[in-house]
Amino acid sequence: MGLLIKNGTVVTAEGLSVGDVRCREGRIVELGAGLPAAGERVVDASGQYVFPGGVDPHVHMELPVAGTVSSDDFETGTAAALAGGTTTVIDFVHPERGEDFASALAARRRAAARSVIDYGLHMAVTWWGERTADWIARCAADGVPSFKIYLAYKATVGIDDGDVLRAMAAVRRAGGVVLVHAEHGEAVEHLRDRFAAAGATHPRFHALSRPPALEGEATHRAATLAATAGASLYVVHVTCREAIAAVAAARELGWAVDGETCPQYLMLDDRVYEADGFEGAAFVVAPPIRPRGHQEALWEALAGGVLNAVGSDHCPFTMEQKRLGESDFRCIPGGAAGVEHRLALLYTYGVGAGRLSLERFVDLVATGPAKRFGLYPRKGAIEVGADADLVVWDPDATGAISAATHHHRTDRSIYEGTELEGLPSWVIANGVVRLGPDGLDVERGAGRFLARRALAPRPD
Ligand code: MN
C-alpha cells in the first residue's frame, strides 16, 4: 500500500516548497502540489515540515569496549534512531589484530541484521599486515568503501603513523574515504598514566588528560598524511577550536578534508565533570566535553561550512557499566547515548536558535552524510526514485529529554532535562509508517545492509 503526504513544507538541502510526496513500494514516486489520492493512506502534513530521513554516519551498537559491550544492540539502538527521525545509520567493524577483514565484516553483518532501519558499515583499519591493502580493496568492492583510522588507542585499535600512511594510500587506490579519530595517542596515554600515578581517580581527569591541543595536533597530522597519500579525509567528532582551525587550514590548502561534530560537543561544556560523586562518568566520551567557548566555535563552523556533518557517536553504557572505572578513571567505558536526539537537538538549538537555516539543518543531518558516504540520492534526498525515508516534523511540538522516557537502552541521558521545540510526528522508513499517531512500530530485521558506492578508484 502506498502513502501520500499532503501539504507539507518539503525541505531539502537546496530549498523549501509546499507540496505532496507520493510513496509506493518503498520509493518516492511522485512530487507535486494537489496530487489526488489514489487509494493510499494520506498523511496531512499541513503546517509541518517534511525532511529526508536522518542519516547518522557515526554509531556504535553493541561495541565491545574495555571489558564490556555498549548497551544498545542493533535492534534497540536503531529503534531509538527511528523514534528520533533517523532512518539510516552507519556503524563500524573493528577486526581483532590478526583477523581477516572479510570475516570480521561477515560477523558484524550477522549482528547488524537485527536492525529495524537500513544500515551501512565502516571498516576500521586496526592493524597492518601483508594482506591489509588487498582486504581494503575487497571491502570497498563489497559496499564498505570507508575506513576508520585511530590515532589514539594504540594498545587496541590505533596504528602508527607509518601504517596510517600505508592505509591511507590503500584506501585512495580503492576509491574510498578515510575517517580519522584525531587525538595524539601517546601524549594522552602519558597524561592519563601521570594522573593515575599521582592518585587521581575522579572522572574529571578523563577530560584533563585529553586537552584540545592534542586533538588539534592530531587533526593537522591526519590531514597532512591524507594529503601526502592523496586520500580523501573525514575527521569524526571535531570538538574544539584547535581542530576546527586544522580542518579549515587543510581546506584552504586545497586538501580533501572534511569534518563532523556531534550534539554533545555543541550542547555541553566541561562543567559536567564536576557533578557529584561519580555522576561525571556518564559524560566520559572521547574526545571529552570541552570548556566553555568551544561550543560557539563549533556552531559557527557548521553554519560556515568548515564542518559539514553532525553524527551522534552513539555508544551508550549503563551507570553500572561506567562503574568499572569507579576507582580509576582510565577504566570508565567511553561513550554516551545520542542517536535518538541528534535531529531534535540540532533543530531546537540550531534552527530554532537562529544559528542554522532549515536547508543547512537537512544538509548536516541527512544529505551531507549521504553524499559523503556513497548513499546519495537513494538516501538523504526527497526526489523521485529515492527510498521513501521521510520525517514529518512538527515545529510546534515540545518535550524534554529524560532517561525515563528515551528509547536508548541505558539509565542515563547526558541531556537529562534538556527542552526540545520541534519533534517528529511521523517517521517513514522504506515507505512504511514507523512512527505516527499510534506510536512507534518497529520490526526486528526490517533494515537492510546498504552496499555503498566507492568513489572512482585512484591508482598510483
Ligand atoms: Mn565513535
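Residues numbered from 1 in each chain as written. Predicted model: local features only at pLDDT ≥ 70, side-chain atom pairs only at ≥ 80, totals over all residues. Heavy atoms only, no water.

**Topic: the overall build of the chain**
Quick reminder of the rule: Only DSSP runs of H or I reaching four residues or more are called helices, and only runs of E reaching two or more are called strands; each is numbered from the N terminus. Throughout, the radius of gyration refers to the C-alpha atoms, and the reference size of a globule is 2.2 Å times the residue count to the power 0.38. Exposure is judged per residue with a 1.4 Å probe applied to protein chains only, and the accessible area is read against the type maximum: over 50% gives exposed, under 20% gives buried, and values in between give partly exposed. In this description, contact between two residues means that some pair of their heavy atoms is separated by no more than 4.5 Å. In short, Shrake-Rupley with a 1.4 Å probe defines the accessible areas, and a residue's cover is counted only from the protein chains shown. For the purpose of counting charges, residues Lys and Arg are taken to be positive, whereas Asp and Glu are taken to be negative. His and the chain ends are not included. By convention, the point assigned to a charge is CZ for Arg, NZ for Lys, CD for Glu and CG for Asp.
Assigned secondary structure in the chain consists of 13 helices and 19 strands. Compactness check: the chain gives a C-alpha radius of gyration of 21 Å against a globular reference of 23 Å for 460 residues, within 12% of the reference. Along the first, second and third principal axes, the C-alpha set of the chain runs to 70 × 55 × 40 Å. Sorting the 460 residues of the chain into buried and exposed places 61% on the buried side. In the chain, of all internal contacts separated by at least 6 residues, the share reaching a separation of at least 24 is 76%. Surface exposure of the chain reaches about 16,600 Å², of which carbon and sulfur atoms provide 51%. Side-chain charges in the chain split into 45 positive and 59 negative, and the spacing between the mean points of these groups amounts to 4 Å.

**Digging into the coordination of the manganese ion**
Four donors placed tetrahedrally about a metal ideally form angles of 109.5 degrees, and six donors placed octahedrally ideally form angles of 90 or 180 degrees. Our working definition: Any N, O or S atom lying within 2.8 Å of the metal counts as a donor, and for Na, K and Ca the limit rises to 3.2 Å; water is left out, so some sites can look incomplete.
Distances from the manganese ion to its protein donors, H58 (NE2), H60 (NE2) and D313 (OD), fall at 2.1 to 2.2 Å. We note that the donor set of the manganese ion lies within a single chain, spaced as H-x1-H-x252-D. With H58 in the loop between β6 (54–56) and β7 (64–65) and D313 in the loop between β15 (309–310) and α11 (319–322), the pair connects residues that are 255 residues apart, well separated along the chain. The exposure classification of H58 matches that of D313, with both residues buried.

**Notes on the pattern of salt bridges**
The cut-off we apply is this: Salt-bridge detection follows one rule: a side-chain nitrogen of Lys or Arg within 4 Å of a carboxyl oxygen of Asp or Glu.
Evaluation of the coordinates by the stated rule reveals 36 salt bridges. Between R24 and E40 there is a salt bridge, with the nearest N and O atoms lying 3.9 Å from each other. Taken together, the positions of R24 in strand β2 (residues 16–24) and E40 in the loop between β3 (27–32) and β4 (41–44) put the pair 16 residues apart, joining distant regions of the chain. The structure contains a network of salt bridges with shared partners spanning R27, D118, R378, K379, D387, D389 and R448.

**Looking at the nonpolar core**
The tendency in soluble globular proteins is for nonpolar side chains to be buried as a group. Short version of the rule: Nonpolar cores were defined as sets of buried Ala, Val, Leu, Ile, Met, Phe, Trp, Tyr and Cys residues, with membership established by side-chain atoms within 4.5 Å.
Residues F51, I149, M168, L233, L302, L346 and F361 are the most contacted members of the largest nonpolar core, which totals 122 residues. The leading source of residues in this core is helix α13 (residues 358–372), at seven residues. Ignoring any residue separated from it by four or fewer positions in sequence, one finds M168 in contact with I149, V178, A222, L225, A226, A229, A231 and L233. Listed in part, the 17 residues of the second largest apolar core include C23, V43, A386 and L390.

**Concerning the packing of helix α7 (residues 212–229) against helix α8 (residues 241–252)**
Inclusion rule: For helices, the axis comes from a line fit to the C-alpha atoms of the stretch in contact; other axes are also lines fit to C-alpha atoms, and the angle between any two N-to-C directions lies between 0 and 180 degrees. Oblique is the label for any angle not covered by the other classes, which are roughly parallel (under 35 degrees), roughly antiparallel (over 145) and roughly perpendicular (65 to 115). Left-handed describes a crossing whose near helix is turned anticlockwise from the far helix by less than a right angle; the clockwise case is right-handed. Here the term charged refers only to Asp, Glu, Lys and Arg, the term nonpolar to Ala, Val, Leu, Ile, Met, Phe, Trp, Tyr, Cys and Pro, and the term polar to all other amino acids, Gly among them.
Interhelical geometry of α7 versus α8 gives an angle of 20 degrees and a closest axis separation of 7 Å. In this view, α7 runs roughly parallel relative to α8, as classed from their interaxial angle. In terms of crossing hand, the pair formed by α7 and α8 is right-handed. Residue-level contacts link P212, A213, E215, G216, T219, H220 and A223 of α7 to E242, A243, A246, V247 and A250 of α8. For the contact of α7 with α8, a count of residues per class yields seven nonpolar, three polar and two charged.

**Quick look at the environment of V257**
Inspection of the secondary structure assignment puts V257 in strand β14 (residues 257–261). The sequence separation of V257 and A353 amounts to 96 residues, and the corresponding C-alpha distance is 28 Å.

**Considering the packing of aromatic side chains**
Let me state the cut-off plainly: When two rings of Phe, Tyr or Trp (its six-membered ring) have centres within 6.5 Å they constitute a pair, described as stacked for plane angles under 30 degrees, edge-to-face for angles over 60, and tilted for the intermediate range. In our convention, an over-ring charge means Lys NZ or Arg CZ found within 6 Å of a ring centre and within 35 degrees of that ring's normal.
In the structure shown here, the tally under the stated rule is 13 aromatic pairs. Geometrically, the ring pair formed by Y150 and Y153 is edge-to-face, given 6.0 Å between the ring centres and 70 degrees between the ring planes. Clustering of aromatic rings is evident, with ring pairs tying together Y49, F51, Y347, F361 and W393. The ring of F449 is capped by R109, whose NZ or CZ atom sits 3.8 Å from the centre of that ring. For K148, the ring lying beneath its charged end belongs to F92, and the centroid distance is 4.4 Å.

**Looking at the packing of helix α12 (residues 342–351) against α13**
Between α12 and α13, the shortest axis-to-axis distance is 11 Å and the interhelical angle comes to 150 degrees. One way to sum up the angle between α12 and α13 is to call them roughly antiparallel. Helix-helix and strand crossings are classified by hand; for α12 and α13 the assignment is right-handed. Here α12 contributes R342, L343, L346, Y347 and V351 to the contact with α13, which in turn contributes L358, F361, L364 and V365.

**Observations concerning the pairing of strand β5 (residues 49–52)**
Filter applied, for reference: In short, DSSP must find at least two bridges between two strands for them to pair.
The two faces of β5 match: Y49 and F51 on one face and V50 and P52 on the other face are all buried. Relative to strand β16 (residues 390–400), β5 runs antiparallel, the two sharing four bridges. Within the sheet, the bridge partner assigned to V50 lies in β16 and is V392.

**Focus: α7**
To keep things clear, this is the line we draw: Working rule for helices: expected span equals 1.5 Å times residues minus one.
Under the 1.5 Å per step criterion, the end-to-end length of α7 is 26 Å for 18 residues, consistent within 8% with the ideal 26 Å. All buried positions along α7 are accounted for by P212, L214, E215, G216, A218, T219, R221, A222, A223, L225, A226 and A229. Once α7 ends, the next one or two residues include G230, with phi positive near 75 degrees.

**Concerning the environment of D44**
Position of D44 among the secondary structure elements: in strand β4. Among the residues examined, D44 registers a relative accessible area of 48% and is labelled partly exposed. In this structure, the C-alpha to C-alpha distance between D44 and L4, residues 40 residues apart in sequence, is 8.5 Å.

**Describing the side chain of S312**
Counted only if it meets this: Identification of polar contacts relies on pairs of N or O atoms within 3.5 Å, with a donor-acceptor requirement for protein atoms, meaning one able to donate a hydrogen and the other able to accept it, and with residues adjacent in sequence counted only if both atoms are side-chain atoms.
Of note, S312 is situated in the loop between β15 and α11. For S312, a relative accessible area of 1% gives the class buried. Side chain to side chain, S312 and D56 meet in a polar contact 2.6 Å long. A polar contact is formed between the side chain of S312 and the backbone oxygen of H58, at a distance of 3.4 Å.

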